[in-house]
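Results of the structural survey
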Amino acid sequence: MSINRQSLRKKLMLLLMIVSCSVLSLVTLGFAISDWISSRDDIYDRMRAQASIIGQNSVAALTFSDPEAAERTLITLRNTHDIVGAVLFDNNQQPFSSYRRDNAKLPIAPQATSEGSLAGTLFVQIPIELDGEQIGSIVLLSELGNWQQQQLHRMTIVFGLFLFSLLVAMVLSNVGQQIVTRPILSLARTARRITDTRNYDLRAEKLSNDEIGSLADDFNQMLDQIQQTEKELRDAQCQLEDKVNERTSELLALTEQLEHQAFHDTLTGLANRATFDTNLQAAINYASRRELKLTVMFLDLDRFKSINDTLGHAVGDKLLIEMADRLRQCLRQSDTLARLGGDEFALLLPDSSPNAAAEVATKVIEAVKHPIHVKGYNLQVTTSIGISIFPDNGADASTILKNADTAMYSSKEAGRNQFSFFSPEMNAITERRLLLENKLRRAISDNRFTIHYQPKWNVHNGEMVGVEALVRWFDDEEGFISPEEFIPLAEDCGLVSTIDDWVCKNACLQIQSLFAQGAPTISLSVNLSPTQVMHKDIYNRISTILTETGFPGHRLELEVTEAMLSAEVEHLQDDLDQLRPLGVEVSIDDFGTGYSSLSRLKNLPINTLKIDRSFINDIGQDSGDEVIIRTIIDMAHNLNLRVVAEGIETEEQHEFVRRYNCDMVQGYLFSRPVPLDELAQLLAESERHHTVNSY
């Protein structure tokens with residue numbers, strides 16, 4: 001292969017190897033020649049020294065012509081292994097005495113030179129003198145075998161060093177060629193990449209400050225000029241394309257936005273009612289052709305309107321977003337989840353049986369009721385679900401959806417936090433709810449509510465010590481409507497706060513009117529709904545009512561259910577602490593039915609516990625409930641709290657709570673809730689009774 005076709009790296013590597021080999025070869029050859037000469041001279045010098053010693057020792061033998069003495073002197077050379085022979089010549093240049101080993105060939109006459117080689121041996125010849133006069137000469141012969149072996153050994157070492165040096169030269173040559181060729185190859189690679197990719201943003205890396213580094217700078221400057229020219233051309237093209245793309249993008253974005261808004265809920269990103277109706281109709285058509293069932297669920301969040309109205313839409317919106325995410329996790333990919341409006345959601349489950357629907361509904365209820373932390377509030381909501389099955393509960397989409405809605409309201413009527421399958425009897429319940437909601441709104445606007453009062457009595461002396469204000473609603477068509485029916489409806493409709501404020505204010509005015517000559521001597525208990533407890537302006541609302549009515553704060557008691565206490569509303573303690581300067585007391589209603597902790601009871605500014613009537617009803621029938629009552633009384637007294645037993649209807653119940661030192665009682669045994677005029681009579685009788693007993 002022609003060397004011109006080899007790469008620059010290989011050419012440079014070959015050049016460096018040729019130079020290295022040439023230098024190493026010359027150095028090795030010079031070293032070998034020098035060593036050969038040096039070692040040969042060392043042998044001659046050693047032989048001359050030995051010959052000089054033998055010559056000095058042979059002077060007497062030559063002088064007195066004693067060959068035997070000379071032979072004895074020469075025999076001493078047998079201890080020198082490389083000396084193979086020696087000849088002692090007299091003054092007449094005739095052999096006088098000799099020594100040889102291994103049949104070495106000895107010269108028969110002195111040699112013409114002082115050193116040299118003879119018959120495969122090396123020799124030296126020196127004269128023997130006495131008083132400056134030569135009396136003979138001696139020739140020593142040395143074999144070449146040892147010297148040749150030494151020379152071979154040295155040449156082997158030299159050759160090994162030559163090979164090692166050659167290997168080192170190859171490594172150094174490779175490193176050297178990389179140092180030299182790296183900038184060039186880097187520049188070449190950059191040029192190829194630019195050619196292949198047409199990416200003029202690439203730049204050659206400057207790896208040295210020599211001529212190649214300058215070449216890289218010039219190459220980069222050329223790229224800058226090319227890039228600038230291309231940029232100018234591209235900018236001109238882009239300006240035209242941008243104007244077209246801008247208008248196109250605006251139209252596409254507007255189209256996508258309108259399309260998304262048309263079929264999705266803007267807050268949660270779920271399908272909206274239009275999408276749900278379309279999917280429901282398609283699912284019904286598919287199920288009809290294949291004789292399958294499908295399920296529609298209608299659900300909303302219990303008391304969501306109260307949360308939205310009291311805590312604000314920001315909290316409500318975040319709650320809806322979180323609930324949408326939880327609902328998604330309960331469904332299959334083939335199911336449809338839609339937000340129909342407000343807190344109302346609809347679920348479409350194609351090809352599902354009633355049992356499968358019940359499993360999904362249970363999963364949804366469990367997912368919804370887990371607490372959620374939103375903007376400082378620890379909220380725990382529940383959901384009521386209505387379930388309608390196609391084709392069992394309707395043959396068309398509107399009927400299926402309406403019946404699911406009806407079933408949902410049946411779940412609410414049954415106590416919330418549950419699901420109900422539709423049945424034809426539920427239509428009457430829905431009609432009743434709609435009728436009652438309309439009447440409730442008119443009753444609020446027309447001020448059709450009244451207040452009844454149920455007294456509280458001191459267990460030990462029978463004195464009336466307080467009353468509980470209870471709202472009553474008299475309808476011209478139906479008569480009295482039970483609070484158990486219209487209060488939950490008011491909570492769902494977001495009207496309960498208005499009713500609570502009206503009851504608190506008017507009860508203060510009415511009780512105040514019974515004591516025209518002075519301050520009230522009995523306490524007034526007013527129930528706080530969960531909506532009011534969650535609202536952060538409870539202090540402002542209560543202080544405003546006290547200011548407007550002139551009712552003394554230390555005679556007002558606010559009743560909060562234990563369920564609200566166990567829900568651990570984060571700001572509850574702060575709100576109740578704010579009421580302390582007003583003198584307002586706090587009572588825990590329905591105690592024993594929730595899951596409040598002792599630490600909460602100890603830390604909250606509570607004055608009274610009201611034992612739930614479900615425990616009172618079982619006195620004399622359930623020993624377990626009797627133990628609970630005694631425990632509540634003892635615990636409350638240890639915490640310096642008063643205890644009220646509500647729902648006392650028999651003497652046995654009264655005697656039981658009195659025996660275990662309950663402070664106050666309330667129930668039908670003493671008085672039903674009565675209007676204001678009857679309360680005035682009861683109060684007068686209580687005062688007379690107390691006056692008589694005091695005497």
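Now for a look at the structure at hand. Since the structure is predicted, the reported quantities are computational estimates derived from the model, not experimental observations.

Calculation criteria
- Residues numbered from 1 in each chain as written.
- Predicted model: local features only at pLDDT ≥ 70, side-chain atom pairs only at ≥ 80, totals over all residues.
- Heavy atoms only, no water.
- Pairing = 2+ DSSP bridges.
- Helix = DSSP H or I, 4+ residues; strand = E, 2+ residues; numbered from the N terminus.
- Axes fitted to C-alpha atoms, helices over the stretch in contact; angles between N-to-C directions.
- Parallel < 35°, antiparallel > 145°, perpendicular 65-115°, else oblique.
- Contact = heavy atoms within 4.5 Å.
- Patch = residues over 30% accessible without salt bridge, like charges linked within 9 Å, V, L, I, M, F, W, Y side chains within 5 Å.
- Areas by Shrake-Rupley, 256 points an atom, 1.4 Å probe, with all protein chains shown as cover.
- Salt bridge = Lys/Arg side-chain N within 4 Å of Asp/Glu carboxyl O.
- Buried < 20%, exposed > 50% of the residue type's maximum accessible area, 1.4 Å probe, protein only.
- Core = buried A, V, L, I, M, F, W, Y, C linked by side-chain atoms within 4.5 Å.

1. Looking at the sheet that holds strand S2 (residues 95-100)
Strand order in this open sheet of 5 strands is S2-S1-S5-S4-S3, and the pairing throughout is antiparallel. Only two strands of the sheet have a single partner each, and these edge strands are S2 and strand S3 (115-118). Adjacent strand axes in the sheet meet at a mean angle of 20° when their direction is disregarded. With 10 bridges connecting them, strand S4 (residues 121-130) and strand S5 (residues 133-143) associate as antiparallel partners. Bridging across to S5, Val124 finds its partner in Leu140.

2. Some points on the packing of helix H11 (residues 426-445) against helix H12 (residues 483-493)
Direction vectors running N to C along H11 and H12 enclose 80°, while the axes themselves pass 10 Å from each other. It follows that H11 is roughly perpendicular to H12 by the angle criterion. From H11, Arg432, Arg433, Leu436, Glu437, Leu440 and Arg441 reach across to H12, where they touch Glu485, Phe486, Leu489, Ala490, Asp492 and Cys493.

3. What about a nonpolar patch on the surface?
Together, Leu167, Met170, Val171, Val175 and Ile179 line one region of the surface with nonpolar side chains, adding up to about 450 Å² of accessible area. A relative accessible area of 48% means that Leu167 is categorised as partly exposed.

4. Considering the nonpolar core
Grouped together as the largest cluster of nonpolar side chains are 72 residues, with contacts concentrated most on Leu524, Leu556 and Leu609. No other element matches the 8 residues that helix H13 (residues 496-514) contributes to this core. Apart from the residues lying within four places of it in its own chain, the contact partners of Leu524 are Tyr453, Val467, Ala469, Ala507, Cys508, Ile511, Phe551, Arg555, Leu556 and Glu557. Core analysis: the next-biggest nonpolar cluster, separate from the first, contains 34 residues, Leu319, Cys330, Phe345 and Tyr377 among them.

5. Some points on the sheet that holds strand S7 (residues 336-341)
Spatially, the 5 strands line up as an open sheet ordered S7-S8-S6-S11-S12, and their pairing is mixed. At either end of the open sheet lies a strand with only one pairing partner, and these are S7 and strand S12 (419-421). Ignoring which end each strand starts from, the neighbouring axes of this sheet average 20° apart. Note that S7 and strand S8 (residues 344-349) share 5 bridges and pair antiparallel. By the bridge assignment, Thr336 is partnered in S8 with Leu348. Against the sheet, helix H9 (residues 354-368) engages strand S6 (294-301), S8, strand S11 (383-390) and S12, with an angle of about 165° to S11.

6. Examining unusual backbone geometry
Residues Phe390 and Pro391 are joined by a peptide bond in cis, for which omega reads 5°. Summarising the element assignment, Pro391 is placed in the loop between S11 and helix H10 (397-413). Of note, Asp131 is a non-glycine position whose phi angle comes to about 50°, a positive value. Taking the relative accessible area as the measure of exposure, Asp131 reaches 77% and is therefore exposed. With phi around 55°, Asn447 is a residue other than glycine that occupies positive phi space. As for its placement among the helices and strands, Asn447 is situated in the loop between H11 and strand S13 (449-458).

Taken by themselves, the reported measurements are silent on function.
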